[in-house]
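This is what each chain is made of:
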Amino acid sequence: MEYDVVVVGAGPAGSMAAKYAAKAGARVLMIEEHETIGLPVQCAGLISTRAFEGCELETLNKHAIRGAHIHAPSGRVLSVDGKRTMAYVVDRSELDRAMALEALKSGVASLVKTRFSGLRREGTKLLVTAISHGEPIEIQTSVLIGADGLQSTVGRLAGLDRVQSVLTCAQAEVYTDIVNPDFVELYVGQDVAPSFFAWAIPTQWGTVRIGLCSSERSMELLNSLLGRISPRSAASLVRFSAGAIPIGPPACTVTDGILIVGDAAGQVKPTSGGGIYPGTLCAKIAGTVAGQAVTQGDTSKSALKEYDRQWRSEVGRELVTGLRIRDGLNKLSDDELDYVIEALDDEKMLDIISRYGDMDHPSIVLRKLLFSTKAPRLLKLIKPMIKLRIAKTNQ
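Residues numbered from 1 in each chain as written. Predicted model: local features only at pLDDT ≥ 70, side-chain atom pairs only at ≥ 80, totals over all residues. Heavy atoms only, no water.

1. Overview of the overall build of the protein chain
Okay, step 1: Looking only at helices and strands, one finds 13 helices and 18 strands in the protein chain.
Okay, step 2: For 395 residues, the compact-globule estimate of 2.2 N^0.38 gives 21 Å, and the protein chain sits close to it at 21 Å.
Okay, step 3: Residues counted as buried form 55% of the 395 residues belonging to the protein chain.
Okay, step 4: Sequence-distant contacts in the protein chain: of pairs separated by 6 or more residues, those separated by 24 or more amount to 70%.
Okay, step 5: Carbon and sulfur atoms make up 49% of the accessible area of the protein chain, which amounts to about 17,100 Å² in all. (Helix = DSSP H or I, 4+ residues; strand = E, 2+ residues; numbered from the N terminus. Rg over C-alpha atoms; globule rule 2.2 N^0.38 Å. Buried < 20%, exposed > 50% of the residue type's maximum accessible area, 1.4 Å probe, protein only. Contact = heavy atoms within 4.5 Å. Areas by Shrake-Rupley, 256 points an atom, 1.4 Å probe, with all protein chains shown as cover.)

2. A look at the sheet that holds strand 4 (residues 62-65)
Okay, step 1: The strand order 3-7-4 describes an open sheet built from 3 strands, whose pairing is antiparallel. The open sheet has two edge strands with one neighbour each: strand 3 (46-48) and strand 4. Neighbour-to-neighbour, the strand axes of this sheet turn through a mean angle of 35°, independent of strand direction.
Okay, step 2: Note: strand 4 against strand 7 (residues 87-90), 4 bridges, orientation antiparallel. Bridge pairing in strand 7 links Lys-62 to Val-90. (Pairing = 2+ DSSP bridges. Axes fitted to C-alpha atoms, helices over the stretch in contact; angles between N-to-C directions.)

3. Regarding the pairing of strand 14 (residues 198-202)
Okay, step 1: Counting buried residues along strand 14, 5 of its 5 residues qualify, which places the element largely inside the surrounding structure.
Okay, step 2: Across the two faces of strand 14 the burial is the same, with Ala-198, Ala-200 and Pro-202 and Trp-199 and Ile-201 all buried.
Okay, step 3: Relative to strand 14, strand 13 (residues 183-187) runs antiparallel, the two being bridged by 3 bridges. Looking across to strand 14, one finds that Glu-185 is bridged to Ala-200.
Okay, step 4: Examined bridge by bridge, strand 14 and strand 15 (residues 207-214) share 5 bridges and lie antiparallel to one another. Across the sheet, the residue bridging to Ala-198 is Leu-212, located in strand 15.
Okay, step 5: Between the antiparallel neighbours strand 14 and strand 15 lie 4 residues, among them Gly-206 with a positive phi of about 80°.

4. What about the state of the cysteines?
Okay, step 1: Across all of its chains, the model carries 1 disulfide by this definition.
Okay, step 2: Covalently, Cys-169 is tied to Cys-213 through a disulfide, its sulfur atoms 1.9 Å apart. Measuring the twist about the S-S bond at about 95°, one finds the Cys-169-Cys-213 disulfide to be right-handed. Pair noted here: Cys-169 is in strand 12 (residues 165-175) and Cys-213 is in strand 15, with a separation of 44 residues, a long-range link. The burial state of Cys-169 is the same as that of Cys-213; both residues are buried.
Okay, step 3: Cys-43 takes part in no disulfide bond, and the closest cysteine sulfur to it belongs to Cys-169, at a distance of 9.5 Å. (Disulfide = S-S within 2.5 Å.)

5. Regarding the packing of helix 1 (residues 12-23) against helix 6 (residues 276-296)
Okay, step 1: Closest axis-to-axis distance for the helix 1/helix 6 pair is 7 Å, and the angle between their directions is 30°. Our classification of the angle between helix 1 and helix 6 gives roughly parallel. Viewed along their axes, helix 1 and helix 6 form a crossing whose handedness is right-handed. Contacts between helix 1 and helix 6 pair Pro-12, Ala-13, Met-16, Ala-17, Tyr-20 and Ala-21 from the former with Ile-276, Gly-279, Thr-280, Ala-283, Lys-284, Gly-287, Thr-288 and Gly-291 from the latter.
Okay, step 2: Grouping the constituent residues of the contact of helix 1 with helix 6 by class yields 8 nonpolar, 5 polar and 1 charged. (Parallel < 35°, antiparallel > 145°, perpendicular 65-115°, else oblique. Left-handed = near helix turned anticlockwise from the far one by under 90°. Nonpolar A, V, L, I, M, F, W, Y, C, P; charged D, E, K, R; others polar.)

6. Observations regarding the confidence of the model for the protein chain
Okay, step 1: Scored by pLDDT, the protein chain has a mean of 90; 93% of the residues are at 70 or more.
Okay, step 2: Below a pLDDT of 50 lies the segment residues 384-395, which in the model reaches 31 contacts outside its immediate sequence neighbourhood of four places, other chains included. (pLDDT = per-residue confidence, 0-100.)

7. A word on the environment of Ile-285
Okay, step 1: As for its placement among the helices and strands, Ile-285 is situated in helix 6.
Okay, step 2: Along the backbone, Ile-285 and Asp-263 are 22 residues apart, and their C-alpha atoms lie at a distance of 15 Å.
Okay, step 3: With residues near it in sequence (within four places) discarded, Ile-285 still touches Tyr-307, Gln-310, Trp-311 and Glu-314.

8. Topic: the sheet that holds strand 6 (residues 77-81)
Okay, step 1: Spatial strand order, 6-5-13-14-15-12-16: 7 strands in an open sheet with mixed pairing. Of all the strands in the sheet, just strand 6 and strand 16 (237-247) have a single pairing partner and so form its edges. Averaged over all pairs of adjacent strands, the angle between their axes in this sheet comes to 15°, without regard to strand direction.
Okay, step 2: Against the sheet, helix 5 (residues 218-229) contacts strand 5 (67-71), strand 12, strand 13, strand 14, strand 15 and strand 16, and its axis sits at roughly 140° relative to strand 15.

Structural data, given as C-alpha cells:
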C-alpha cells in the first residue's frame, strides 16, 4: 500500500489536513484508530462562529450562544451579553464525521479501526506500520502527518518534543432545567476548578453539558459541581466524557518527512481550551505544505519547516499571549478573582467586552480593557499579567 501522504487521526485537524493535502494534488490516506469517526467524544462542543466557518461545512445542527454568565468565587455573577451570536454548541461526533466526509469528497482514502504502531525510514520514504481490524499492515509514504492527539505516537516516534503542560477534563451531559438557553455559565475559583474553569453549556436537545478542566481532582470536582448546579443531575445523566487539554506547543512541529498538527502540536487556546479554530487553521497549512512538498520532491525538514513558520505566523502570537493570560490568572487568589469580576461589572467595561470580545483572540479585548479609563482599578488586580507585558505583546 503506497500513498503520498498518510494522516494519523480523523478528528477535525486530521480531516482538514488530509483534505488540503489532497487539494494540493497528493494521494492521501487517513487512518483512525476507533471504529467510528467522532467517538469517543472528548470535547464540550462549544465553538466560536469563526471556528465553525473554518470547518468549511455547509450545514450542521447547532445551537447559538450569545453570551456568558461568569460566576465568581463569592457568588457574584458577571453577565456578558455579546448581543449577537458568539458561538455554537454542536455535537462533536457529528462535526467530526461531517469533516471526515468532506475530506473523502476531496479524494482522501480512509481506514477506521486502524491503529498507527510505528515507522521506519527507507531512504526518502517512510514505512508506516499499523494494526487494521486486528491485522498488521504496512503503508509506504513520503509524508506522515500526526493528528493523533495529546499523546501523539507520531510525534514521540519522530523525536519531537511534547506539549508544555496538560489539564485533565471531565464532563457530564445531563437533563435539567435550562434557565438561559442563549448563555453559557462559567465558574472560577480554587474550589471549583484550580488552574482553569468550569462550565454549564445548554444544548438544543434540552440537555446541559456540565464540566471542568483542572490541574487536579477533576472527577471529584465534577461531582461537587453537579450537586451545586443541579441536585437532580446525578439521576439524569445522558453522557459522560473525560479527556485532557494540551497547553503550549513544542519548540518545533516538523522533522524529515513528518509533521504534527492540532492537539498533537499543542495548537489549543490556553484561555479556553478550544482547539478547533487554531487546529483546523494550522491543519490547512499542514496539508498544503505536505502536498506541495510531495509535488516538488522535497520532504526534508527544511522544506516542511515552512509549515512551522506559517502556522506560528498565523496563531503563534495569540497562543503565547494566551499562555501569559492563563499564567497571570492562575496567580490570582479567589479574593483577587472576586475583585477582578467586580471591576469588570461596570457599564463601560461590559460594553468593551460586548464589542470586542473574541473567543479566538482574547488579547484584543484585554488590550481594550487595559487602555480604558477604568484601567487603573483593573491594573491593580492583574499585576502578574502586566509584568508579562501582554499589552506590549499585542502592539
